[in-house]
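Okay, here's what each chain looks like letter by letter:
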Amino acid sequence: MDLYDKDVVSIRDFTKDQIEGVLDLAEEMVPYALGEKRSRALDGRILGNLFFEPSTRTKLSFESAAYRLGCQVIDVSEMSMTSISKGETLADTIKMVDTYCDTIVLRHPYEGAARLAAKFSENPVINAGDGAGSHPTQTLLDLFTMREAKGTLEGLNIALVGDLKYGRTVHSLADALTMFGAKLTLVAPESLQMPDDIVKHLEEKGCHPVKTAELDDVIGQADVLYVTRIQRERFPDHAEYTKVAGTYRIDNAILREAKSDMIVMHPLPRVDEIAPEVDSTPHARYFKQAFNGVPVRMALLCSIMGGELRWRPPWSSSCRRSGTARSSTISPAGRP
Ligand code: NCD
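## Looking at the environment of Cys302
Logical step 1: Residue placement: Cys302 occurs in helix H11 (residues 286-305).
Logical step 2: The exposure class assigned to Cys302 is buried, which follows from its relative accessible area of 0%.
Logical step 3: A C-alpha to C-alpha distance of 7.2 Å links Cys302 and Leu42, two positions 260 residues apart in sequence.

## Brief notes about unusual backbone geometry
Logical step 1: Residue Pro269 is bonded to the preceding Leu268 through a cis peptide linkage, with omega at 10°.
Logical step 2: Here Pro269 lies in the loop between strand S9 (263-265) and H11.
Logical step 3: With a phi angle near 70°, Asp5 is a residue other than glycine that sits in the positive phi range.
Logical step 4: Here Asp5 is to be found in the segment before helix H1 (16-33).

## Here's the deal with the site of the ligand
Logical step 1: Residues in close proximity to the ligand include Thr58, Arg107, His135, Gln138, Arg168, Thr169, Arg229, Gln231, Pro267, Leu268 and Pro269, which together make up its full environment.
Logical step 2: At a separation of 2.9 Å, a nitrogen atom of the ligand approaches a polar backbone atom of Leu268.
Logical step 3: Considering the ligand on its own, with 320 Å² of exposed area, one finds that the protein chains cover 93% of that surface.
Logical step 4: Along the lines of polarity and charge, the residues of the shell around the ligand split into 3 nonpolar, 5 polar and 3 charged.

## Things to note about the sheet that holds strand S4 (residues 125-130)
Logical step 1: Taken together, the 4 strands give an open sheet; going across it, the order is S2-S1-S3-S4, and neighbouring strands pair in parallel fashion. The sheet is open, and its two borders are formed by strand S2 (72-76) and S4, each paired with just one other strand. The mean angle between the axes of side-by-side strands here comes to 15°, regardless of whether they run parallel or antiparallel.
Logical step 2: Helix H2 (residues 57-68) rests against strand S1 (46-51), S2, strand S3 (103-108) and S4 of the sheet, and its axis sits at about 175° to S1.

## A short note on the nonpolar core
Logical step 1: Met146, Leu160 and Leu301 are the most contacted members of the largest nonpolar core, which totals 70 residues.
Logical step 2: Within the second largest apolar cluster, 22 residues are counted, among which are Ala159, Val187, Val227 and Ile274.

## Things to note about the sheet that holds S9
Logical step 1: With parallel pairing, 5 strands are arranged side by side in an open sheet as S7-S6-S5-S8-S9. The sheet is open, and its two borders are formed by strand S7 (210-212) and S9, each paired with just one other strand. Going from strand to strand, the sheet's axes swing by 20° on average, the running direction of each strand aside.
Logical step 2: Of the pairings in the sheet, the one linking strand S5 (residues 157-161) to strand S6 (residues 183-187) comprises 5 bridges and is parallel in character. If you follow Asn157 over to S6, its bridge partner there is Lys183.

Conventions we followed
- As a convention, each chain's residues are numbered from 1 in the sequence order in which they are written.
- Reporting in this predicted model follows two pLDDT cut-offs: at least 70 for local features of residues, and 80 or more for side-chain atom pairs to be given and counted; totals over whole chains, interfaces and linings ignore these cut-offs and use all residues.
- Remark: hydrogens and water are excluded; side-chain values derive from all non-hydrogen atoms of the structure.
- Note on conventions: DSSP H or I runs of at least 4 residues are helices, E runs of at least 2 residues are strands, and numbering of each starts at the N terminus.
- Summary of the burial criterion: residues with accessible area below 20% of their type's maximum are buried, those above 50% are exposed, and those between are partly exposed, where the area comes from a 1.4 Å probe applied to protein chains only.
- Any residue with a heavy atom positioned within 4 Å of a molecule or strand is treated as near that molecule or strand.
- Pairs of N or O atoms within 3.5 Å make up the polar contacts considered here, provided that, within protein, one atom can donate a hydrogen while the other can accept it, and that residues adjacent in sequence are counted only when both atoms are side-chain atoms.
- Under the convention used here, a 1.4 Å probe and the Shrake-Rupley method define accessible areas, while residue burial counts only the protein chains that appear.
- Side-chain classes are defined by residue name, with Ala, Val, Leu, Ile, Met, Phe, Trp, Tyr, Cys and Pro counting as nonpolar, Asp, Glu, Lys and Arg as charged, and the others, Gly among them, as polar.
- At least two DSSP bridges between two strands are needed for those strands to be called paired.
- For helices, the fitted line uses only the C-alpha atoms of the stretch in contact; every axis is such a line through C-alpha atoms, and the angle between N-to-C directions lies from 0 to 180 degrees.
- Any two residues having at least one pair of non-hydrogen atoms within 4.5 Å are treated as being in contact.
- The definition of a nonpolar core used throughout is a set of buried Ala, Val, Leu, Ile, Met, Phe, Trp, Tyr and Cys residues joined through side-chain atoms within 4.5 Å.

So, in structure tokens, the structure goes:
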């Protein structure tokens, strides 16, 4: 199934083939992301970046991806600077922004916000993180980074470490890794373990993750250690946060137990989960991972917005709309 004109609300919206198609296209995008080659694949198009929660990597890498493709960006970074602060609903805001751009990227503190936005937008909506919900585009770049390092995504032994309850990146990532037959170990204190509904979904898809609080017991078998920040801002009670803050810290001493080719990933920002001394070891992949957000988001934007480099599955000879331009009328054509 083609990604042209599609919303990206959850990684569950993708098939395994679609994910692999985006990752393959992202490989082709690397020289463009580095500025070594030039593309105007999305010339004349406009991306609307709505970030209603703090962001460095996701926002800037979407912007960089757009500009590298000749796409213009309009953006809002604070809810207080929009009419939402005057009482406007998210639905109304989205309906307006929809008429100003061709695709909307939304980060929002509430789980389900992207799904709601997709309902009210004629143009595609990309979820850039909805509260403690999910973060599908982070997952694509995480998978890209793993495939780049390991040569395959099939059957990897992956330990997800830290805040698996509130961490949206690991919710999406666990779902996606299940499609690739990963062996998942969920390393978290009991109070921050992966939500039951997600574990149930993984099990229905044939993945039977092992839960533990002991990192020492699993580090030796892992191909990938995916470390996350304890999501302080999502705790209803600060006292609960202080009980679990600093539970895991990856340093060179603990890495002595790891396989020599084990990689350490982190969606960033890190607080104190990974000691700076790890940065210069061959295990560290988190800064490369952050760069990978650019080629991966370039591939995604091209696939969704219909640039010349957009990914099409091998069996699709034509796209739904002819040409690459969307409707030029003020009110965009209805989505199929
Ligand atoms: C993550 C997020 O916002 O969910 N960051 C990111 O997008 N790279 C992780 C985090 O904030 O801990």
